[in-house]
Amino acid sequence: LRNPSLIIIASRLWSASSFPSRISHFGGRTNNITRTTTLNMSTGKDGSFQRSDSKHRHFISASETSAGTAKYPVEADRYHLHVALACPWACGTLGMIKLKGLDEVISHSIVHPTWVKTKLDDDSDAHCGWAYRSPGDEPLPNTLGHGSNVCDDALKPDTFTNATSIRDLYAIAGDFDGPYTTPVLWDKKTNTIVSNESTEILKMLNKEFNSLSKNPDLDLYPAEFQEEMQELNDKLVYPKVNNGVYRCGFAKSQTAYNQAVTELFESLEFLEERLSKQRYLAGSTITWLDFRLFMTLVRFDPVYVTYFKTNLKRIADYPNLLGYVRDIYSIPAMKEVINIDHIKAHYFTSHPHLNTFGIIPVLNGPDLNVPHGRENM
């Protein structure tokens, strides 16, 4: 070796990474270093990405509230949503709050997009994840000290618990194991987590708060399409597209990547054909599944094509999918929650083993403000 010291330096940098040495390990210790991870994932024996189920699954019920039996009753200004704008799951729940007109009923806060070390006073704890900062604070480097990622005006610190990170928030609720994911629907009265499962939060926001909503007639789970949309989600949209991009990006074997990327693009071709004949997935009626799919597609060209190696085609190469994305983006509530700067900053600066120096590419994807032309479909 010409310079053995470089090997030592590289080894030390890797040990400081935000990713655990054994990604399947949550909590506990590996080589005396805590390796909890914000990513809700593990790796299969074949190198495939595997997402774990959410742990906090309570429900806010209007009917139980009326009956006086609700543990978490429907109340104004009782609940708070913790959001990462970069996260498609969390961003979708904030979008639902905007769509339903619940801004004055359920408060929210927004984390910085760059993951940071969450226990600065403990060198043996290597966990890195979502943290709160205020607009105008000092820019954040990645966990290896590279980059300077601005604290912009989109940030909203948590002023109720004063948690400095999502990990701290979970600790307040008694969860010291993680994974420390967003979204988090928080009960300000009992100081605990109601739910961190985005699909269930969406359902609560769609229906249970209608008595307090400015748009109670908006129903994104219409009964006549629910069975069809749930099946489409369970068989294709979630496993092969929403989660499919992660299965590509975090695959640890060529075989696992090949399977994920093949299923992803077969699914995109199917969706391109379906959306060539109808405006939305259910026809002329927009549903929750359109917003779930949109949250992945809007991130595809600016991030996933490069970062997750989903580069067989871009969304810009699918005329119907591109028009569909522009159509949904034209909805004011959706446009309000899409922050391309946060999206790019998170993915390209939070995983040093994938992008050591935190360089953020310039591409923002196709212009989403171009007229979509799908009004008459």
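Located above this text is the structure these notes cover.
Below you will find a few notes about this structure. (Residues numbered from 1 in each chain as written. Predicted model: local features only at pLDDT ≥ 70, side-chain atom pairs only at ≥ 80, totals over all residues. Heavy atoms only, no water.)

**Regarding the sheet that holds strand β5 (residues 79-83)**
For clarity, the threshold we go by: When DSSP locates at least two bridges between a pair of strands, those strands are taken to pair. Numbering of helices and strands runs from the N terminus, with a helix taken as a DSSP run of H or I at least four residues long and a strand as a DSSP run of E at least two residues long. For every element, the axis is a line fit to its C-alpha atoms; helices are fit only across the contacting stretch, and the angle between N-to-C directions ranges from 0 to 180 degrees. In this analysis, two residues are considered to be in contact whenever any of their non-hydrogen atoms come within 4.5 Å of each other.
Pairing is mixed across the open sheet formed by four strands, whose spatial order is β6-β5-β9-β10. The sheet terminates laterally at β6 (107-110) and β10 (192-195), the two strands that pair on one side only. The mean inter-strand angle of the sheet, taken between neighbouring strand axes irrespective of direction, is 35°. The pairing of β5 with β6 spans four bridges and is classified as parallel. Paired with His80 across the bridge in β6 is Ser107. Along the sheet, helix α3 (residues 88-100) makes contact with β5 and β6, crossing β5 at roughly 135°.

**Considerations on the layout of surface pockets**
The criterion, for reference: Here a cavity is any set of points on a 1 Å grid over the protein atoms alone where a 1.4 Å probe fits but cannot get out, and a pocket is any open set with protein on both sides within 12 Å along at least 5 of 7 lines; a residue lines the site when it has an atom within 4 Å of a point. Grid points are joined across faces, edges and corners, and a volume is the space filled by probe spheres set on the points. Only Asp, Glu, Lys and Arg are considered charged, only Ala, Val, Leu, Ile, Met, Phe, Trp, Tyr, Cys and Pro nonpolar, and every remaining residue, Gly among them, polar.
Considering only enclosed or pocket space, the largest pocket measures out at about 670 Å³ in volume. Around the largest pocket, the lining comprises 34 residues; the ones closest to its centre are Arg51, Trp89, Glu197, Ser198 and Tyr238. Of all the secondary-structure elements, those providing two or more residues to the lining of the largest pocket are α3, α5 (198-208), α6 (223-242), α9 (288-307) and α12 (340-349). By residue number, the principal contributor to the lining of the largest pocket is α6, which donates four residues. Of the residues in the lining of the largest pocket, the class split is 14 nonpolar, 13 polar and seven charged.

**Comments concerning the pairing of β10**
As paired strands, strand β9 (residues 184-187) and β10 are joined by three bridges and run antiparallel to one another. Among the inter-strand pairings, Trp186 is bridged to a residue of β10, identified as Ile193. The turn linking β9 back onto β10 is made up of four residues, and Asn191 within it adopts a positive phi angle of 60°.

**A few points about the packing of α6 against α9**
The geometry of a pair of packed helices is captured by two quantities: the angle between their axes and the separation between those axes. Operational definition: Roughly parallel here means an angle under 35 degrees, roughly antiparallel means over 145, roughly perpendicular means 65 to 115, and every remaining angle is called oblique.
At their nearest, the axes of α6 and α9 sit 10 Å apart, and the two run at 10° to each other. Here α9 runs roughly parallel to α6, going by the angle between their axes. Along its contact with α6, which presents Gln226, Met229, Gln230, Leu232, Asn233, Val237, Tyr238, Val241 and Asn242, the element α9 presents Trp288, Leu289, Arg292, Leu293 and Thr296. Its residues placed into classes, the contact of α6 with α9 shows eight nonpolar, five polar and one charged.

**Topic: α9**
In plain terms, the rule: Every helix has an expected span of 1.5 Å times one less than the residues it contains. Exposure is judged per residue with a 1.4 Å probe applied to protein chains only, and the accessible area is read against the type maximum: over 50% gives exposed, under 20% gives buried, and values in between give partly exposed.
The end-to-end C-alpha distance of α9, which contains 20 residues, comes to 27 Å, matching closely the 28 Å that a straight helix rising 1.5 Å per residue would cover. Counting buried positions along α9 gives 19 out of 20 residues, so the element sits mostly inside the fold.

**Notes on the packing of aromatic side chains**
We count it as follows: The aromatic pairing rule takes the rings of Phe, Tyr and Trp, using the six-membered ring of Trp, and pairs them if the centres are within 6.5 Å, calling planes under 30 degrees apart stacked, those over 60 edge-to-face and the rest tilted.
In the structure shown here, the tally under the stated rule is 19 aromatic pairs. With a centroid separation of 6.0 Å and an interplanar angle of 85°, the aromatic rings of Tyr79 and Phe209 are classed as edge-to-face. Of this pair, Tyr79 sits in strand β5 while Phe209 sits in the loop between α5 and α6, placing them 130 residues apart in sequence. Owing to a relative accessible area of 0%, Tyr79 belongs among the buried residues under this scheme. Judged by relative accessible area, which is 0%, Phe209 ranks as buried. Aromatic pair Phe265 and Phe300: ring centres 6.1 Å apart, planes at 85°, arrangement edge-to-face. Pair noted here: Phe265 is in helix α8 (residues 254-274) and Phe300 is in helix α9, with a separation of 35 residues, a long-range link. Judged by relative accessible area, Phe300 falls into the buried class, the value being 0%.

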